[in-house]
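Chain by chain, the residues run as shown.
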Amino acid sequence: MVDQHIYLKGLTLRNPVMTASGTFGFGEEFTDYLDLARIGGIIVKGTTLRHREGNPYPRMAETASGMLNAVGLQNKGVDYFENDIYPRIRHFDTNILVNVSGSTVEDYVETAEHIQSLANIPGIELNISCPNVKQGGMAFGTTTGGAAAVVKAVRAVYHKHLMVKLSPNVTDITEIARAAEAEGADSVSLINTLLGMAINAETRRPKLSTVTGGLSGPCVKPVALRMVWQTAKAVSIPVIGLGGIMTAEDAIEFLLAGAAAIQVGTANFIDPGVTAKIADGIVAYCERQGVKAVRDLTGALVIDTPAPACPPISDCSLG
Amino acid sequence: MQRPTSFQMDGRLTEKRRLNDRYVLLIFQLPIPLTQVQAGQFVQVKVDGSPHTLLRRPISICLLPKPDELWLLVQEVGEGTTTLCALEPGAIVNMLLPLGTGFTAPSLPSTCLLVGGGVGVAPMLMLGQKLAEAGHQVVFLLGGRTSTDLVMQEHFARYGKVYVTTEDGSLGEKGFVTQHSLLNEPHFDAVYTCGPKPMMKAVATFAAQHDITCQVSLENLMACGIGACLCCVEDTVDGHVCTCTEGPVFNTKRLKW
């Protein structure tokens, strides 16, 4: 029997597989296709203090091995979540975390306080990395000062598990991760989408109403994996890995790179039952490899020769 | 909110009929019979063997002649649909179905005008069948660029009178559907339409001018098809709503057209 449990502060996952915010609705959209008791947790759609209509259509463009989205945090606000959604999903047999976003530090704090009062929500994922909103969102996640300010303020009022979702659209993601850790984050999740763009050559117009949007899907996996590896070395809190995970093998790569758990995003759109298959595949891998506990995979990457430091530019054969 | 049940299943392609240079009728045997399907609902079809096709392709249900026999009329538009149309009988295709909210039939016996353009004729066939079986008078008005665009005429004729237009005049009246003489003296209680957006907007305008209730089937770009990604939203009087769950069929009163 492989022990699949993952222990995060204040949060026990039955297995390392969670669903990424914005790709799994509130979970109820998937119950025709998936037994939620098969997965470690779900992270529900980005929630803000007040109702947001999101961006105009079109919001999506398929790309090579990926997709761009520009949803813009459409949601009906935290009161609606509390009164209308939460009663329907509170008894789901899995961990439910709420992704919290805002335009100001005060928005984040107030939304987090609301969510804290909900007994069956053991944690929040602080979204300081949404690329599709004009104010807030990624603005907080692209500077250490911004990240520190919002994490500190929320940490002061929020006492359950505080996961902070990081943006890849930065020069050095490990600096932001360290800033979040220093202000009391319990874990960091990465990566949110990569800022991208698509153009319809025939009409000479952008494919998204917002011109740019967030890229996700298998095309981003190598970038995400690299960032998870770097971040896991830089912080002591658990790292939750996500970005283009489609299969159990993808998930295992993230665990080996240093992730304590993983989130599945875009793959839910293609196969709404994929998360259970990924959980099963991780167990099969552990059995095959004689691994007793899934958590033993975290950071178990073997690098036979130390990664060379980059030589001085004049010596670099890659130019 | 009680959601109708939908399923993930593997359909087996039993028959493929190429109807013209771009349209193919795919007939699938389903492992689970579907008993509660509305005309206008759709299927999210997974396309394997197409490297650039990551997402499923939403395709309207054309007809369900038996609870376990599914007809999909597919137009070859891009790599995904072309790959799908290249499948041969015996192929297994994963699908999510039935999805979305379909057409609503009139509550009183009515004369219904069903306007289809291009590949948008697909859901009109099942709608015509359902309406005719419920005792409504069905009139089809189908448009295409040229005569070969007008496919499956014999199937439509089973459920109602069929009028056609072509842009080049090669079949039926020349012009767009909204220019057909049938509309000069409208005597319809309800209008249903699916096709290119400009056509649907023109049909909706016609219906509004004559104070006839009108339902349209939208084909907004979508990723998941089950209300999770929020990519396919339509701007309505109730704000942005998902075309995949609250639609694809909308009463035009709800749209900001």
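It should be emphasised that the depicted structure is a prediction, and the values quoted were computed from it without experimental measurement.

When its secondary structure is counted, chain B shows 4 helices and 16 strands. The C-alpha radius of gyration computed for chain B amounts to 17 Å, which stays within 12% of the reference 18 Å derived for 257 residues, consistent with globular compactness. In terms of its C-alpha atoms, chain B occupies a principal-axis envelope of roughly 50 × 45 × 35 Å. Looking at chain B as a whole, 57% of its 257 residues are labelled buried.

This part takes up helix α4 (residues 197-209) of chain B. Residues and elements named next belong to chain B. Across its 13 residues, α4 extends 18 Å between first and last C-alpha, which sits within 8% of the 18 Å expected from 1.5 Å per residue. Those residues of α4 lying buried are Met199, Met200, Val203, Ala204, Phe206 and Ala207. Seen from one end, α4 has its buried residues packed into an arc of 160°, which puts them on one side. Turned more than 90 degrees away from the buried face of α4 sit Pro198, Ala208 and Gln209, all of them exposed. Those residues of α4 that are buried lie in contact with β8 (111-117), β12 (190-194) and β13 (213-217).

In this assembly, 35 residues from chain A lie in contact with 32 residues from chain B. Buried area between chain A and chain B, both sides added, is near 2,700 Å², and the carbon and sulfur share of it is 58%. For chain A, the biggest contributors to the area lost against chain B are Tyr33, Tyr57 and Ile270 of chain A; these three give 25% of the whole. There are 1 salt bridge connecting chain A and chain B. Between Glu62 of chain A and Arg57 of chain B there is a salt bridge; the shortest N-O distance is 2.7 Å. The interface formed by chain A and chain B holds 12 residue pairs in polar contact (both at pLDDT 80 or more) in total. Breaking the side of chain A that touches chain B down by element, the ones donating at least two residues are β5 (60-63), β6 (66-69) and α8 (267-270) of chain A. When its residues are assigned to classes, the side of chain A that touches chain B shows 14 nonpolar, 12 polar and 9 charged.

The next point concerns the sheet that holds β5 of chain A. Residue and element names in this part refer to chain A. Strand order in this open sheet of 4 strands is β5-β6-β14-β11, and the pairing throughout is antiparallel. A single partner strand is all that each edge strand has here, and the edge strands are β5 and β11 (194-197). For this sheet, the mean angle separating the axes of adjacent strands, direction not counted, is 40°. Two elements, β6 and strand β14 (residues 212-216), share 3 bridges in a ladder whose sense is antiparallel. What sits directly across from Met67, in β14, is Ser216.

Bringing the domain arrangement of chain B into the picture now. All names here are of chain B. By the assigned domains, chain B splits into domain 1 (7-99) and domain 2 (111-217). On a C-alpha basis, the centroid separation for the pair domain 1 and domain 2 is 23 Å. Contact residues are listed per partner, giving 19 residues for domain 1 and 16 residues for domain 2. Note on domain 1 versus domain 2: buried area summed over both sides is about 1,500 Å², and carbon and sulfur give 68% of it.

The subject of this paragraph is the pairing of strand β15 (residues 239-242) of chain A. Residues and elements named next belong to chain A. Burial of the side chains of β15 extends over both faces: Val239 and Gly241 are buried on one face and Ile240 and Leu242 on the other. In the sheet, strand β10 (residues 187-190) pairs with β15 via 3 bridges, with the strands oriented parallel. Across the sheet, residue Leu190 finds its bridge partner in β15, namely Gly241. In terms of strand pairing, β15 meets strand β16 (residues 261-264) through 3 bridges, oriented parallel.

Below, the discussion takes up the sheet that holds strand β7 (residues 92-99) of chain B. All names here are of chain B. Within the open sheet, the 7 strands sit side by side as β4-β3-β7-β1-β2-β6-β5. Their pairing is antiparallel. On the outer flanks of this sheet lie β4 (57-60) and β5 (63-66), each paired with one strand and no other. Across the sheet, the mean angle separating the axes of adjacent strands is 40° when strand polarity is ignored. Relative to β7, strand β3 (residues 42-45) runs antiparallel, the two sharing 3 bridges. Bridged to Val45 within β7 is Met95. Contacting β4, β5 and β6 (69-75), helix α2 (residues 122-133) crosses the sheet at an angle of about 50° to β5.

Rules behind the numbers
Residues numbered from 1 in each chain as written. Chains lettered and ligands numbered in written order. Predicted model: local features only at pLDDT ≥ 70, side-chain atom pairs only at ≥ 80, totals over all residues. Heavy atoms only, no water. Helix = DSSP H or I, 4+ residues; strand = E, 2+ residues; numbered from the N terminus. Rg over C-alpha atoms; globule rule 2.2 N^0.38 Å. Buried < 20%, exposed > 50% of the residue type's maximum accessible area, 1.4 Å probe, protein only. Expected span 1.5 Å × (residues − 1). Arc of directions from axis to C-beta. Contact = heavy atoms within 4.5 Å. Buried area = accessible area lost by both parts, 1.4 Å probe. Salt bridge = Lys/Arg side-chain N within 4 Å of Asp/Glu carboxyl O. Polar contact = N/O pair within 3.5 Å; in protein donor to acceptor, adjacent residues only side chain to side chain. Nonpolar A, V, L, I, M, F, W, Y, C, P; charged D, E, K, R; others polar. Pairing = 2+ DSSP bridges. Axes fitted to C-alpha atoms, helices over the stretch in contact; angles between N-to-C directions. Domains from an automatic or database assignment.

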